[in-house]
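# Examining the three-dimensional arrangement
The chain contents come next:
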Amino acid sequence: MTALECVEHGLITSANLENQSEPAIQIEHATQAVVAIVPAAGIGSRMGADRPKQYLEVCGQSILAHTLDRLLSHPQISQVIVALHPDDDIFDSLPQAIHPKLIKVLGGGERADSVLAALQLAPQNSWALVHDAARPCLTAADIDKLLASRGQFPQGAILAMPVRDTMKRANQLGGIGTTVCRDDLWHALTPQLFPTGQLKGYLNAAMAAGAVVTDEASAMEWAGISPGLVSGRADNIKVTHPDDLGLAELFLMRALSSR
Ligand SMILES: Nc1ccn([C@@H]2O[C@H](COP(=O)(O)OP(=O)(O)OP(=O)(O)O)[C@@H](O)[C@H]2O)c(=O)n1
Ligand SMILES: C[C@](O)(CO)[C@H](O)COP(=O)(O)O
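Analysis parameters
- Note on numbering: residues in each chain are counted from 1, in written sequence order.
- For naming, the first written chain is A and the first written ligand is 1, with later ones following in the order written.
- The predicted origin of the model limits local features to residues at a pLDDT of at least 70 and limits the giving and counting of side-chain atom pairs to 80 or more, whereas totals for whole chains, interfaces and linings rest on all residues.
- To obtain the side-chain values, all non-hydrogen atoms of the structure were included, while hydrogens and water were left out.
- UniProt positions are given in the numbering used here, feature names are shortened, and annotations may be inferred rather than shown by experiment.
- Any two of the Phe, Tyr and Trp rings considered here, Trp counted by its six-membered ring, make a pair once their centres fall within 6.5 Å; the pair's planes then place it as stacked at under 30 degrees, edge-to-face at over 60, or tilted in between.
- Whether a charge lies above a ring is judged from NZ of Lys or CZ of Arg, which has to be within 6 Å of the ring centre and within 35 degrees of the ring normal.
- Residue proximity to a molecule or strand is established when one non-hydrogen atom of the residue lies within 4 Å of it.
- Only the protein chains shown count as cover for residues, and all accessible areas are computed by the Shrake-Rupley method using a 1.4 Å probe.
- Secondary structure is summarised from DSSP: a helix means a run of H or I of at least four residues, a strand means a run of E of at least two, and numbering begins at the N terminus for each.
- Three classes are used: nonpolar for Ala, Val, Leu, Ile, Met, Phe, Trp, Tyr, Cys and Pro, charged for Asp, Glu, Lys and Arg, and polar for all others, with Gly counted as polar.
- We call two residues in contact when some of their heavy atoms are within 4.5 Å.
- Only protein chains enter the calculation, and the probe is 1.4 Å; a residue is then buried if its accessible area is under 20% of its type maximum, exposed if over 50%, and partly exposed in between.
- Whenever two N or O atoms come within 3.5 Å, that pair is a polar contact, provided that in protein one can donate a hydrogen and the other can accept it, and provided that, for residues adjacent in sequence, both atoms are side-chain atoms.
- Here the nonpolar core consists of buried residues drawn from Ala, Val, Leu, Ile, Met, Phe, Trp, Tyr and Cys, with membership extended through side-chain atoms lying within 4.5 Å.
- If DSSP finds at least two bridges between two strands, the strands pair.
- To define axes, lines are fitted to C-alpha atoms, for helices over the stretch in contact only, and angles between the resulting N-to-C directions are given on a 0 to 180 degree scale.
- The predictor's confidence in any single residue is recorded as pLDDT, a number from 0 to 100.

Per an unreviewed UniProt entry, the protein carries the name 2-C-methyl-D-erythritol 4-phosphate cytidylyltransferase and comes from Shewanella morhuae. The record in UniProt for the protein states the following under Sequence similarities (unreviewed entry): "Belongs to the IspD/TarI cytidylyltransferase family. IspD subfamily." Annotation of the protein in UniProt includes, under Pathway (unreviewed entry), the sentence "Isoprenoid biosynthesis; isopentenyl diphosphate biosynthesis via DXP pathway; isopentenyl diphosphate from 1-deoxy-D-xylulose 5-phosphate: step 2/6."

Written out as structure tokens, the structure reads:
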């Protein structure tokens, strides 16, 4: 891909191109493979269903199948690596399981362990686009938006959504302790996009240091990096509790009917 094509695809900014010192780095970043990492080894305890929530059906197929469809069909994603629970006996029955772009790996005890396990199979010199299996409503436009942010955020970025409600912190009695200033507060979503080698290294180091790592950005922040915030759609929900299923069904039906 030529430098100009990188600018046309929004992979680098024209400013990067004019900056004589960095075009090679920016173009290299922009033309590296993008590998989707899908942590799908959870048990869905908060859902309390008869199976892991990623295998609950909405709009005719499982939540995981919807998520994989979005990633496998994206032209800039060259590979999809899915981390599965050791006891998973459903995945291989999914039509998506035999897709040539897809690789499966055993996940770990925590989400971060599953992400790390999948990262071992990603090329060191690639971009890792980490996306929860439990977020089936992701759109191609939001993936495009995050990928296009690499020119502005060469160290990586995440999809996120500004907080809209007044935020309260509970006290010990289950009442309102305090109102939290919501200025500059964002909900972290996924995908989260980082250079694979850096993410692997910092994820390992942060976890070894006992840091709390609930998303990939936490590990990058632990290393002193400030990932970009890219405003994403509010319907990119994480299916977590039973009442999320109706919302996911609604959003997926709306997306399918608009095709
Ligand atoms: N050890 C784990 C735990 C979670 N996940 C994945 O990480 C994503 C986000 O995690 P969460 O929503 O918490 O899923 P669960 O851990 O399954 O839910 P719960 O916490 O209610 O058990 C999910 O796609 C889940 O499958 C994973 O790959 N490996
Ligand atoms: C990664 C994530 O979806 C960003 O909001 C979230 O941290 C996952 O948290 P969970 O407790 O593993 O669901």
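Moving on, there is more to tell.
### Some remarks on the packing of aromatic side chains
The way to describe two aromatic rings as a pair is by their centre distance and the angle between their planes. Tallied over the entire structure, the rule returns 0 aromatic pairs. One cation-aromatic arrangement involves R150 over W127; the distance from NZ or CZ to the ring centre is 5.5 Å.

### Focus: the site of ligand 1
As a structural note, the neighbourhood of ligand 1 is formed by 18 residues, with G44, S45, R46, K53 and S114 the closest of them. For ligand 1, whose accessible area on its own is 570 Å², the fraction buried by protein is 88%. At the level of elements, β1 (34-40) and α5 (111-119) are the ones that each hand at least two residues to the shell around ligand 1. Among the residues forming the shell around ligand 1, the class breakdown is 6 nonpolar, 6 polar and 6 charged.

### Brief notes about the environment of F194
By the secondary structure assignment, F194 is in strand β10 (residues 186-195). Remark: the alpha-carbon pair of F194 and L252, spanning 58 residues in sequence, is separated by 27 Å. What F194 contacts, discounting residues up to four positions off in sequence, is S126, W127, A128, Q155, G156, A157, I158, L199, E216, A217, M220 and P227.

### Considerations on the UniProt feature "site: Positions MEP for the nucleophilic attack" (unreviewed entry) in the protein
Per the UniProt record, the feature "site: Positions MEP for the nucleophilic attack" (unreviewed entry) sits at R182 and K238. Summarising the element assignment, R182 is placed in the loop between β9 (176-180) and β10. For R182, a relative accessible area of 36% puts it in the partly exposed group. A distance of 2.5 Å separates a polar side-chain atom of R182 from the backbone oxygen of R164. We classify K238 as partly exposed; its relative accessible area is 27%. Beyond its immediate sequence surroundings of up to four residues, K238 is in contact with R46, K53, D132, A134, R135 and D244.

### As for the nonpolar core
Counting residues in hydrophobic clusters, the biggest one holds 30 residues, and the most contacted among them are F91 and L129. Excluding residues that lie within four positions of it along the chain, L129 makes contacts with V34, V35, A36, I37, L71, I77, I143, L146, L147, P191, Q192 and L193. Of all hydrophobic cores here, the second largest spans 24 residues; its members include A206, A217, A219 and M220.

### Focus on the sheet that holds strand β4 (residues 77-84)
Taken together, the 7 strands give an open sheet; going across it, the order is β5-β4-β1-β6-β10-β7-β11, and neighbouring strands pair in mixed fashion. Two strands bound the open sheet, and with one partner strand each, they are β5 (102-106) and β11 (228-231). Strand-to-strand, the axes of this sheet are offset by a mean angle of 30°, without reference to chain direction. As paired elements, strand β6 (residues 127-130) and β10 share 4 bridges and run antiparallel to each other. Within β10, the position partnered with L129 by the bridge is L193. The sheet strands contacting helix α7 (residues 196-208) are β6 and β10, and the helix crosses β10 at an angle near 115°.

### Focus: the confidence of the model for the protein
Overall, the predicted model of the protein reaches an average pLDDT of 93, with 88% of residues at or above 70. Looking over the protein, one finds the lowest element-wise mean pLDDT in helix α2 (residues 14-18), namely 54, and the highest in β1, namely 99. Interface scoring of the predicted complex returns ipTM 0.99; its pTM is 0.91.

### Some remarks on unusual backbone geometry
Here the residue pair T190 and P191 is connected by a cis peptide bond, since its omega of 10° sits within 30 degrees of zero. Unlike most non-glycine residues, C59 shows phi in positive territory, near 50°. Along the chain, C59 turns up in the loop between β2 (57-58) and β3 (61-62). Backbone geometry places D184, a non-glycine residue, at a positive phi of 65°. Among the secondary structure elements, D184 is positioned in the loop between β9 and β10.

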